[in-house]
Amino acid sequence: MELMDLMRTNRTYRRFEQTPVSDGIIGEILEAARNASSAANRQPLSYVVVKSAKKVAEVFALTKWAGYLAPEQGQPKKGEEPVLFIGVVENMDINKNCDTDAGLAIANMRLAAWAHGVGSCIIGACDKVKLSEMFGLTENQVLHTVVAFGYPSHTSRIEDMKDGNVKYYLDENRDYVVPKRRLCEVVKEI
Ligand SMILES: Cc1cc2nc3c(=O)[nH]c(=O)nc-3n(C[C@H](O)[C@H](O)[C@H](O)COP(=O)(O)O)c2cc1C
């Protein structure tokens, strides 16, 4: 896929086929994270890979999906769950202000995955206390987010935002529609 098409279709996906993501693709996702830019090149991030069905189910139970939708619409149902999670961990001893690093690494990971047709969802709404314990994080380590991955079983498309309404919704086929502000609203030339 051409790069702009890849970025346009690299949306948030929230329902997945129950097909595993290969170790080769997981390796590329992690390599893409490692390659990301980092403030002062300090590289405070590390990653926790969760791919066994048992552990994925345990992490899934601590995550919340699609806050704008009713749970029965937005929460993945049985057989729709992601098949892989990657936790993004910040090391406070290396850099306390590294959310930009995390964002860049996550963007790289999601794009590397999507190049193989693997969709993803960043999950900020999760039980970080319980997940940090499960991941064996130490005092100086802060869980930024977990990113869920899998082969999507729905599509998602963007549309121009109307009346400032930022809420994504499902269309008649249960596919996601994501309003985006138009370029003329967010760009000025000086
Ligand atoms: C920092 C961050 C945290 C997010 N947390 C969640 C989350 O907890 N649950 C969820 O379903 N989606 C989450 N999302 C996905 C957003 O809802 C999604 O990016 C947004 O609706 C726009 O859709 P798009 O990614 O397809 O452009 C998160 C996205 C970001 C950037």
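A brief structural summary.

Thresholds applied
Residues numbered from 1 in each chain as written. Predicted model: local features only at pLDDT ≥ 70, side-chain atom pairs only at ≥ 80, totals over all residues. Heavy atoms only, no water. Near = heavy atom within 4 Å. Polar contact = N/O pair within 3.5 Å; in protein donor to acceptor, adjacent residues only side chain to side chain. Areas by Shrake-Rupley, 256 points an atom, 1.4 Å probe, with all protein chains shown as cover. Helix = DSSP H or I, 4+ residues; strand = E, 2+ residues; numbered from the N terminus. Nonpolar A, V, L, I, M, F, W, Y, C, P; charged D, E, K, R; others polar. Buried < 20%, exposed > 50% of the residue type's maximum accessible area, 1.4 Å probe, protein only. Arc of directions from axis to C-beta. Contact = heavy atoms within 4.5 Å. Salt bridge = Lys/Arg side-chain N within 4 Å of Asp/Glu carboxyl O. Pairing = 2+ DSSP bridges. Axes fitted to C-alpha atoms, helices over the stretch in contact; angles between N-to-C directions. Patch = residues over 30% accessible without salt bridge, like charges linked within 9 Å, V, L, I, M, F, W, Y side chains within 5 Å.

### Brief notes about the site of the ligand
Moving on, step 1. Around the ligand sit 14 residues in total, of which Arg11, Thr12, Arg14, Ala66 and Lys180 are the nearest.
Moving on, step 2. At 2.7 Å from an oxygen atom of the ligand is found a main-chain nitrogen or oxygen belonging to Ala66.
Moving on, step 3. Here an oxygen atom of the ligand and a side-chain polar atom of Lys180 are 2.7 Å apart.
Moving on, step 4. Contact with the protein chains removes 69% of the 620 Å² of surface that the ligand exposes when unbound.
Moving on, step 5. Those elements giving two or more residues to the shell around the ligand turn out to be β3 (119-123) and β7 (176-180).
Moving on, step 6. Sorting elements by how many residues they give to the shell around the ligand places β3 first, with 3 residues.
Moving on, step 7. Grouping the constituent residues of the shell around the ligand by class yields 8 nonpolar, 2 polar and 4 charged.

### Comments concerning helix α3 (residues 53-60)
Moving on, step 1. Within the sequence span of α3, burial applies to Val56, Val59 and Phe60. The buried residues of α3 occupy an angular sector of 100° when the element is viewed end-on, so they sit on one face.
Moving on, step 2. Considering only its buried residues, α3 is in contact with β1 (45-50), β2 (84-91) and α6 (128-134).

### What about the pattern of salt bridges?
Moving on, step 1. Within this structure, the stated rule accounts for 10 salt bridges.
Moving on, step 2. Between Arg34 and Glu31 there is a salt bridge whose closest N-O contact spans 3.0 Å. Here Arg34 pairs with Glu31, and both are found in helix α2 (residues 23-34), just 3 residues apart, close to one helical turn.
Moving on, step 3. Classification of Glu31 by relative accessible area gives partly exposed; the value is 35%.
Moving on, step 4. Between Glu185 and Arg182 there is a salt bridge, with its nearest N and O atoms 3.9 Å apart.
Moving on, step 5. On the basis of relative accessible area, Arg182 is assigned to the partly exposed category, the value being 41%.
Moving on, step 6. Within this structure, Lys54, Lys55 and Glu58 form a network of salt bridges that share partners.

### A look at the side chain of Ser38
Moving on, step 1. Topologically, Ser38 is positioned in the loop between α2 and β1.
Moving on, step 2. For Ser38, a relative accessible area of 17% translates into the label buried.
Moving on, step 3. Within the structure, the side chain of Ser38 is placed 2.9 Å from the backbone nitrogen of Gln43, a separation counted as a polar contact.
Moving on, step 4. Sequence-distant contacts of Ser38, defined by excluding residues within four places in its chain, comprise Gln43, Pro44 and Asp101.

### Things to note about the sheet that holds β3
Moving on, step 1. The 4 strands lie next to each other as β1-β2-β4-β3, forming an open sheet whose pairing is antiparallel. In this open sheet, the two strands that pair with only one neighbour each are β1 and β3. Strand after strand, the sheet turns through a mean of 25° between neighbouring axes, direction not considered.
Moving on, step 2. Where α2 meets the sheet, its contacts fall on β1, β2 and β4 (141-150), and the angle it forms with β1 comes to roughly 165°.
Moving on, step 3. In the packing of α3 onto the sheet, contacts are made with β1 and β2, and the angle to β2 comes to roughly 65°.

### Notes on a nonpolar patch on the surface
Moving on, step 1. Residues Leu3, Met4 and Met7 make up a contiguous nonpolar surface patch of about 310 Å² in total accessible area.
Moving on, step 2. Mapped onto the fold, Met7 is located in helix α1 (residues 3-9).
Moving on, step 3. Look at Met7 and you get partly exposed, because its relative accessible area is 40%.

Distances and angles like these do not, on their own, reveal function.
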